[in-house]
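Each chain is listed here by its residues.
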Number of protein chains: 2
Amino acid sequence: MKISKAAIESGLTVDTIRYYEKSGMLPDIKRGSDGHRYFSQKDVELLTLLYWLRETGMPIKQMKRFTALVKTGGKTIAERREILLTHSKELKRRRDVLDRCDEILAIKIAGYENLTENKP
Amino acid sequence: MKISKAAIESGLTVDTIRYYEKSGMLPDIKRGSDGHRYFSQKDVELLTLLYWLRETGMPIKQMKRFTALVKTGGKTIAERREILLTHSKELKRRRDVLDRCDEILAIKIAGYENLTENKP
DNA sequence: CACTTGACTTGGAGTTACCCCAACCTGCTA
DNA sequence: TAGCAGGTTGGGGTAACTCCAAGTCAAGTG
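Everything in this summary refers to the structure shown in the same document. (Residues numbered from 1 in each chain as written. Chains lettered and ligands numbered in written order. Predicted model: local features only at pLDDT ≥ 70, side-chain atom pairs only at ≥ 80, totals over all residues. Heavy atoms only, no water.)

**Examining the protein's contact with DNA strand C**
Logical step 1: Around DNA strand C sit 17 residues, and of these Y20, R54 and I60 of chain A together with R18 and R37 of chain B come closest.
Logical step 2: Within 4 Å of the protein, the atoms of DNA strand C are drawn from sugar and phosphate moieties in a proportion of 84%.
Logical step 3: Here a phosphate oxygen of DNA strand C and a side-chain polar atom of T13 of chain A are 3.4 Å apart.
Logical step 4: Within the side chain of R54 of chain A, an N or O atom sits 2.9 Å from a phosphate oxygen of DNA strand C.
Logical step 5: The set of elements that each furnish at least two residues to the surface near DNA strand C consists of helix 2 (14–22) of chain A together with helix 1 (3–10) of chain B.
Logical step 6: With 4 residues, the single largest contributor to the surface near DNA strand C is helix 2 of chain A.
Logical step 7: For the surface near DNA strand C, the per-class residue count stands at 5 nonpolar, 5 polar and 7 charged. (Near = heavy atom within 4 Å. Polar contact = N/O pair within 3.5 Å; in protein donor to acceptor, adjacent residues only side chain to side chain. Helix = DSSP H or I, 4+ residues; strand = E, 2+ residues; numbered from the N terminus. Nonpolar A, V, L, I, M, F, W, Y, C, P; charged D, E, K, R; others polar.)

**A few points about the protein's contact with DNA strand D**
Logical step 1: Near DNA strand D there are 15 residues, and of these S4, R18 and R37 of chain A together with Y20 and I60 of chain B occur at the shortest range.
Logical step 2: By atom count, sugar and phosphate contribute 83% of the portion of DNA strand D lying within 4 Å of the protein.
Logical step 3: In this structure, a phosphate oxygen belonging to DNA strand D sits 3.1 Å away from a side-chain N or O atom of R31 of chain A.
Logical step 4: With respect to DNA strand D, the side chain of Y20 of chain B contributes an N or O atom lying 2.8 Å from a phosphate oxygen.
Logical step 5: For the surface near DNA strand D, the secondary structure elements donating two or more residues are helix 1 (3–10) of chain A together with helix 2 (14–22) of chain B.
Logical step 6: The leading source of residues in the surface near DNA strand D is helix 2 of chain B, at 4 residues.
Logical step 7: When the residues that make up the surface near DNA strand D are grouped by side-chain class, the tally is 5 nonpolar, 4 polar and 6 charged.

**Description of the packing of aromatic side chains**
Residue and element names in this part refer to chain B.
Logical step 1: Evaluation of the coordinates by the stated rule reveals 4 aromatic pairs over all chains.
Logical step 2: Aromatic side chains Y19 and Y20 sit 5.8 Å apart centroid to centroid with 50° between the ring planes, which places their arrangement in the tilted category.
Logical step 3: With relative accessibility at 45%, the residue Y19 sits in the partly exposed group. (Phe/Tyr/Trp six-rings, centres within 6.5 Å; stacked < 30°, edge-to-face > 60°. Buried < 20%, exposed > 50% of the residue type's maximum accessible area, 1.4 Å probe, protein only.)

**Describing the side chain of R80 of chain A**
Logical step 1: Tracing the backbone through its elements, the reader meets R80 of chain A in helix 5 (residues 77–116).
Logical step 2: One buried charged side chain, R80 of chain A, makes no salt bridge at all; its nearest oppositely charged neighbour is E79 of chain A, positioned 8.2 Å away.
Logical step 3: Those residues in contact with R80 of chain A that lie beyond four places of it in its chain are F66, L69, V70, G73 and G74 of chain A together with Y112 of chain B. (Lys, Arg positive; Asp, Glu negative; His and termini not counted. Salt bridge = Lys/Arg side-chain N within 4 Å of Asp/Glu carboxyl O. Contact = heavy atoms within 4.5 Å.)

**Digging into the relation of the copies chain A and chain B**
Here two copies of a chain appear, and what relates them is a rotation about an axis with a shift along it.
Logical step 1: Of the transformation placing chain A onto chain B, the axial shift is 0.0 Å and the rotation is 180°, giving an RMSD of 0.1 Å. Look at the turn and shift together and you get a two-fold axis relating the two. Taking C-alpha positions as reference, the residue of chain A nearest the rotation axis is R95 of chain A, located at 3.1 Å.
Logical step 2: Most of the interface of chain A is mirrored in chain B: 100% of its interface residues are interface residues there too. (Least-squares fit on C-alpha atoms with pLDDT ≥ 70 in both.)

**Quick word on the interface of chain A and chain B**
Logical step 1: Listed as interface residues are 31 residues of chain A and, on the opposing side, 31 residues of chain B.
Logical step 2: For the chain A and chain B pair, buried surface summed over both sides reaches about 3100 Å², with 76% attributable to carbon and sulfur atoms.
Logical step 3: Broken down residue by residue, the surface that chain A buries against chain B is led by W52, L98 and Y112 of chain A, which jointly contribute 21%.
Logical step 4: Here chain A and chain B share 6 salt bridges between them.
Logical step 5: Our count for the contact surface shared by chain A and chain B stands at 6 residue pairs in polar contact (both at pLDDT 80 or more).
Logical step 6: Contributing elements (two or more residues each) for the side of chain A that touches chain B: helix 3 (41–55) and helix 5 of chain A.
Logical step 7: Among the residues forming the side of chain A that touches chain B, the class breakdown is 17 nonpolar, 4 polar and 10 charged. (Buried area = accessible area lost by both parts, 1.4 Å probe.)

Note that every value here comes from positions in space, so none of it alone points to a role or purpose.
Put into structure tokens, the structure is as follows:
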């Protein structure tokens, strides 16, 4: 499929996909005789994973480490798995941050509640 | 207290506090005769709230809207409350994203599990 | 008293991860 | 044949910091 469909399927934008390719973190993407990129199903699967990793705050640098391993292939699975496991822990940390913030907001909002109507 | 203590207390960095002040989203911070900033307890409370808002993804633009209201004071409480409530909903959305990503990672990792030991 | 140290000041350059735009090319339909 | 939709590249712009150089000032030390 072409880039705009790949964008829709993966969640990334067209621009971001091109940016990812330019910065070397995609495998070689096939080109048609018209110069257009053609994405295989596997390509799109990778893009989708990248979308989720980025969306949840993994820095590009680390994503590059991951995709480099994907490009290398075979024997790198243990290391890839390690990266994803680490990120999963990071997700937990981020959830804790969200929860903590929500508590703070709740307190703050409750504090406002007293002042919305009755104070001069 | 001075900027480095304010940074520790709020969670922000010294640079970020200065950046926030320069971009006009802090109330007037007192200066000593030496030119140093001196933060009141209220200042630090605001900084702390800003830390949490930013940490959970509120864009600076919206934080400015909020702090502008804080500066204006009194009658803006209902609107401030609205902003925090909206952000609280945003937190929920973000948590869903994290959860969804965690599911995807779990599947991916499980997929790797089969390949770590036994495949050639 | 001169000197060093450490915490602060400003202005400005650099970074990350995009986003947008102009100018151009290509294949298809009317 | 012309027009349009959808691609291409290169390069400029943006958000939100982050880091650095060069300078100021107060306090402590020999």
